[in-house]
Amino acid sequence: MQGGFTKLRMLRGEIFAFDDEAESLYDALPPHLDSLHFNQLLSDLDELVPGSGNLTKRYTDYSQNFIIPVDKLDTVFQVAIDEARQRTKKHLKLPGNENFEIEYVTGKSWSGYNYYKGNSYSLIQINTDLPIYIERAIDLACHEGYPGHHVFNALLEQNLVRDQGFMEFSVYPLFSPQSFIAEGSANYGIDLAFPGQEKINFEKEVLYPLAGLDTSLADSYDQIQRLRVQLNYAGNEAARAYLDGKISREAAAKMLEKYLLYEPERALQRTRFFDQYRSYVINYNLGKDMVANFIRQEAGMDEVKRWSVFEDLLSTPKTASMISSE
Ligand SMILES: [Zn+2]
């Protein structure tokens, strides 16, 4: 199927199977992972999360220790985004006038959103419907800002629209292969800007104290988050089963509670994201993993080279099959 036509057909009311839609719109076929795979990860988590009894309930209680208090949210977020910006500017030449604004909003199906306004300027919105946990400060700062969406859009505008006159790149088709690279690189950007232990170190030294959180719990919480990230492919399975009509919204929310350890309200919020964005969900995790593999292949562990391959990926039009190793 041709991506552009698929979206048009969807706008006219046609519904495609999850995998067909994903392949057609994003040029990537999401993997099928069974519950055995996720249960193994859950049993590893089970040993790390304190207490006994139902894991999701236990995790929900435990995670209360890591909520950024509402009155500290802006301070923590500003510091995180400033750090992400400094780290990015060390490696990438950004347009001199690049800038952004942060707004706090409610009533959305997502946790953060970048509205790129053009001329190197982004409006970044953070959804405060649900509690925001400490690890999300750097995640959102990198994903929505530096070196994520803000930088991606600014570089596309600079290199393709301004320098080469490709006016078509001043329009961003959201449901297109471009979003696979956009979301994948925005998530990979977190590891690029804060490699290895640098994220947890910065959180412990700067963000935990700013948020008034207990740093003695930070290392074990970080270890738990690293495992939880691997479980997010269960979200794709829930989205596929739900959107293909195999399970109800409630059953999809239950899957998210079980495998992603979401509290009920967050699980329902996520099913609304499935309604709105459908197979777009694969862009976050499969996108990240494919971008990470591509950069590992091209640059190995050389930090300078990784940033330069990343910059090239963000400055030239590429789709998933162009960075695939298969
Ligand atoms: Zn995004």
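As shown above, the structure is provided for reference.
Small disclaimer: the values here were computed from a predicted structure and weren't measured.

Next up on the list: the overall build of the chain. Secondary structure assignment for the chain yields 16 helices and three strands. For the chain, the spread of C-alpha atoms along the principal axes amounts to about 60 × 45 × 40 Å. A burial count over the chain gives 41% of its 326 residues as buried.

Pro147 follows Tyr146 through a cis peptide bond whose omega is 0 degrees. Topologically, Pro147 is positioned in the loop between helix 6 (135–145) and helix 7 (149–162). Even without being a glycine, Asp27 presents a positive backbone phi close to 65 degrees. Locating Asp27 in the fold gives a position in the loop between helix 2 (18–26) and helix 3 (35–48). Owing to 20 C-beta atoms within 10 Å, Asp27 belongs among the buried residues under this scheme. One non-glycine residue, Arg278, lies in positive phi territory at about 55 degrees. By the element assignment, Arg278 lies in the loop between helix 13 (264–277) and helix 14 (282–299). Arg278 sits in the buried class, given 21 other C-beta atoms within 10 Å.

Spatially, the three strands line up as an open sheet ordered 1-3-2, and their pairing is mixed. Because the sheet does not close on itself, it has two edges, and the strands there are strand 1 (99–105) and strand 2 (112–118). Going from strand to strand, the sheet's axes swing by 20 degrees on average, the running direction of each strand aside. In the sheet, strand 2 pairs with strand 3 (residues 121–127) via six bridges, with the strands oriented antiparallel. For Tyr116, the partnering residue across the bridge sits in strand 3 and is Ser122. Running over the sheet, helix 7 touches strand 1, strand 2 and strand 3 and is turned about 20 degrees from strand 2.

Glancing now at the packing of helix 8 (residues 177–193) against helix 15 (residues 303–315). The contact between helix 8 and helix 15 brings their axes to 11 Å, and the two run at 160 degrees. One finds that helix 8 runs roughly antiparallel with respect to helix 15. The handedness of the crossing between helix 8 and helix 15 is left-handed. Packed against helix 8, whose contacting residues are Ile181, Ser185 and Leu192, the element helix 15 presents Arg306, Trp307, Phe310, Leu313 and Leu314 at the interface. For the contact of helix 8 with helix 15, the class distribution of residues is six nonpolar, one polar and one charged.

Moving on, we get to helix 6. In terms of burial, helix 6 is largely enclosed, as 11 of its 11 residues are buried. Three or more residues of helix 6 are buried, namely Glu135, Arg136, Ala137, Ile138, Asp139, Leu140, Ala141, Cys142, His143, Glu144 and Gly145.

Our next topic: the environment of Phe180. Inspection of the secondary structure puts Phe180 in helix 8. Assessed through the 27 C-beta atoms surrounding it within 10 Å, Phe180 is described here as buried. A C-alpha to C-alpha distance of 37 Å links Phe180 and Asp214, two positions 34 residues apart in sequence. Leave out the neighbours within four places in its chain, and Phe180 touches Tyr26, Asp27, Ala28, Asn283, Gly287, Thr319 and Ala320.

The next subject is helix 11 (residues 233–243). The element helix 11 is extensively covered by neighbouring structure, given that 10 of its 11 residues are classed as buried. For helix 11, the complete set of buried residues consists of Tyr233, Ala234, Gly235, Asn236, Glu237, Ala238, Ala239, Arg240, Tyr242 and Leu243. On its buried side, helix 11 packs onto helix 2, helix 3, helix 10 (218–231), helix 12 (249–259), helix 13 and helix 14. Two residues or fewer after helix 11 comes Gly245, characterised by a positive phi angle close to 75 degrees.

Definitions and limits used
- Residues numbered from 1 in each chain as written.
- Predicted model: local features only at pLDDT ≥ 70, side-chain atom pairs only at ≥ 80, totals over all residues.
- Helix = DSSP H or I, 4+ residues; strand = E, 2+ residues; numbered from the N terminus.
- Buried ≥ 20, exposed ≤ 12 C-beta atoms within 10 Å, placed from the backbone.
- Pairing = 2+ DSSP bridges.
- Axes fitted to C-alpha atoms, helices over the stretch in contact; angles between N-to-C directions.
- Contact = placed C-beta atoms within 7 Å.
- Parallel < 35°, antiparallel > 145°, perpendicular 65-115°, else oblique.
- Left-handed = near helix turned anticlockwise from the far one by under 90°.
- Nonpolar A, V, L, I, M, F, W, Y, C, P; charged D, E, K, R; others polar.

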